[in-house]
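Fold and geometry: a report
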Amino acid sequence: MTTSEWSTWTIARLQAAYADGQLSAQEYLAHCLRRVEQSGGLNAFISEPPRQPTAVADEGILAGVPVAVKDNICTTDFVTTAASEMLQEYQPVQDATVVARLREAGAVIFGKTNLDEFGMGATTEHSFAGPTLHPLDTHRVAGGSSGGSAVCVAAGICPAALGSDTGGSVRQPASFCGVVGFKPSWGRVSRRGLIAFASSLDQVGWFTRTVDDAAVLFSVLAGADEQDATCVDRAVPDVDPGSVPACEPQQLVVGLPTGWINEVKMQPAVKAGFQQFVRRLEESGVCVREVKLHRIELASAAYRVIATAEASSNLARYDGVRYGKRAAGKDFDQLCRRSRTEGFGQEVKRRIMLGAYVLSEGYVEQYYEQACRVRGAIIEEFRQGFEQVDVMVTPTTPTTAYQRGQKLGPLGAYAGDEFVVPVSLAGLPAMSLPAGVDEDGMPFGVQVTAAAFGERRLFGAARLLEELNSGGETDE
Amino acid sequence: MADRDGGGVDIDHLQRLVQLDLDDEQRRGLRKDLRQLEQSIEGIKNVDVEGVSPAYQPVELAGRERADDPDAPLEIKDVLEGAAQQQRGHISVPAAPSSHDDK
């Protein structure tokens, strides 16, 4: 065994090594800290984990497991900046519920990762801390907005990292970086302490190396939170592999929304890779059935309206008074205006203005209310679709990682989000699984989606698809 | 004079609403973005969604009351530490201008 192998270990493998005395948590954490130093050029962190020895819990399902956390999730032992000058020195007084649950399970919070400011972006280039780079090709972006967290797992820094997903911000970087990215159903996991971007879309998600590791975090993080009224009070399914093994191919019905897939312009290698993936499904005995989602082409437009409207409303709280950046001003109005003008980056200002526009008098009915009705129609179409199939599959992203500095334009980034945004709009659970690489060796993923609160079915299907993608080899 | 684009958007008004100052370049960029946004969302304006209730969030939420037990409040000193300026145990800000003040 070499220490370089440790960088590929899953949570299960790591815990087995702890249990049989193969290595101690302190040795492993020291290894992870060396990986942080070796990967420093990737700029994955806004706050790196502390160099001094960390107290490690002996008990708990995640005892001694380092988990990096996206820097828009509140932590009492690290500043929480949301990658914004506005919150550059913000020290939360409470942990987010997900962070508290990680700590209770014995995890070590392993630094705070880079993101697009307030989660607004698809490249992790819109950060006051500078861009996060792709670990396989530093001329490319890691994806976003949870790019730093994706890189932590992809570069072997730690086995798991939390992100947040508003319109694909976990699944898209997972696809670009070749790791597993999971977004639970909206309402399944507490958002208390997640700095809000668009509240009806935001959801904490996570990156891992395997589906089983994603299930471990689900067992720790899912469930009602009395301090978050939007976190629903319903039974959390057991998704442990013992309880939900990989589906038998003959028992799985996979929906293929071909109308949706054919609408999206894709990189040829990604298209070919996805077609190959579907053929593998069919050859293994999975029933692949076409599903029709007629309104899906309206999803991106509805998302643009809803996300910018909610962002404009949520970010109104940053006034320079209670916390965050305060600029000088002769009166309150000037202080507030200057604090916001100096504290927010370009992309955030742009989205706030667009949101104010769609919410302004005369437009709110025409755009915002209509977008919410379109969303209702899309939710209903998905619901009917999942009466016919167990899960649906699409590519996660139409391309592999973009070149850095590529001008995507106001709609360009959204065009790359065509497969992930409708799922967010409907609040469905979804997972991006590594599915192949293009001619340059850059990864791409497939997205598996289940009905709302259908995580049990999702994990069973994802385990089978993971096996098929790896040519039948199972991890460890 | 209000700064309007072809579609009648009053950028000055939007700026006031969201408490941001934009420079000329940002205003030009915003006008272009607004036109593109308007074109890209035009499609939803006339979609027939008659009878569909607006989904303000993806899941129906039921109001849930927590137990009527007092909870430990935040420590005032912790809250004050987040603010840039404090005075006698309170967050301090310059006075808001009254409606009679010149801006």
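Not measured: the values here are computed from a predicted model.

1. Remarks on the overall build of chain B
Counting secondary structure elements, chain B contains three helices and two strands. If you list the helices and strands of chain B from N to C, you get α-α-α-β-β. Burial statistics for chain B: of 103 residues in total, 30% are counted as buried. Across chain B, contacts joining residues at least 24 apart in sequence account for 15% of those joining residues at least 6 apart. Element-wise, carbon and sulfur atoms account for 46% of the exposed surface of chain B, whose accessible area totals about 7500 Å².

2. Thoughts on the interface of chain A and chain B
In this assembly, 65 residues from chain A lie in contact with 53 residues from chain B. When the area that chain A buries against chain B is broken down by residue, the three leading residues are R326, M353 and Y357 of chain A, summing to 14%. Along the contact surface separating chain A from chain B lie two salt bridges. Residue R337 of chain A pairs with D21 of chain B through a salt bridge whose shortest N-O separation is 3.1 Å. Scanning the region where chain A abuts chain B turns up 22 residue pairs in polar contact (both at pLDDT 80 or more).

3. What to know about the pairing of strand β9 (residues 391–395) of chain A
All names here are of chain A. Counting buried residues in β9 gives five out of five residues, a clear majority hidden from the surface. Examined bridge by bridge, strand β7 (residues 253–256) and β9 share two bridges and lie parallel to one another. Bridging across to β9, V254 finds its partner in V391. Strand direction decides the pairing type here: β9 and strand β11 (residues 443–449), joined by four bridges, are antiparallel.

4. A look at the domain arrangement of chain A
Residue and element names in this part refer to chain A. The domains assigned to chain A are domain 1 (3–256 + 270–291 + 384–469) and domain 2 (296–382). One C-alpha centre belongs to domain 1, the other to domain 2; they are set 26 Å apart. Across the contact, 33 residues belong to domain 1 and 34 residues belong to domain 2. In this assembly, domain 1 and domain 2 are joined by zero salt bridges. Counting across the interface, domain 1 meets domain 2 through 18 residue pairs in polar contact (both at pLDDT 80 or more). Of all the elements in the fold, those that place two or more residues in the side of domain 1 that touches domain 2 are α13 (364–385), α14 (409–415) and α15 (421–425). Here the element with the most residues in the side of domain 1 that touches domain 2 is α15; it accounts for four residues. Its residues assigned to classes, the side of domain 1 that touches domain 2 comprises 20 nonpolar, ten polar and three charged.

The rules behind these values
- Residues numbered from 1 in each chain as written.
- Chains lettered and ligands numbered in written order.
- Predicted model: local features only at pLDDT ≥ 70, side-chain atom pairs only at ≥ 80, totals over all residues.
- Heavy atoms only, no water.
- Helix = DSSP H or I, 4+ residues; strand = E, 2+ residues; numbered from the N terminus.
- Buried < 20%, exposed > 50% of the residue type's maximum accessible area, 1.4 Å probe, protein only.
- Contact = heavy atoms within 4.5 Å.
- Areas by Shrake-Rupley, 256 points an atom, 1.4 Å probe, with all protein chains shown as cover.
- Buried area = accessible area lost by both parts, 1.4 Å probe.
- Salt bridge = Lys/Arg side-chain N within 4 Å of Asp/Glu carboxyl O.
- Polar contact = N/O pair within 3.5 Å; in protein donor to acceptor, adjacent residues only side chain to side chain.
- Pairing = 2+ DSSP bridges.
- Domains from an automatic or database assignment.
- Nonpolar A, V, L, I, M, F, W, Y, C, P; charged D, E, K, R; others polar.

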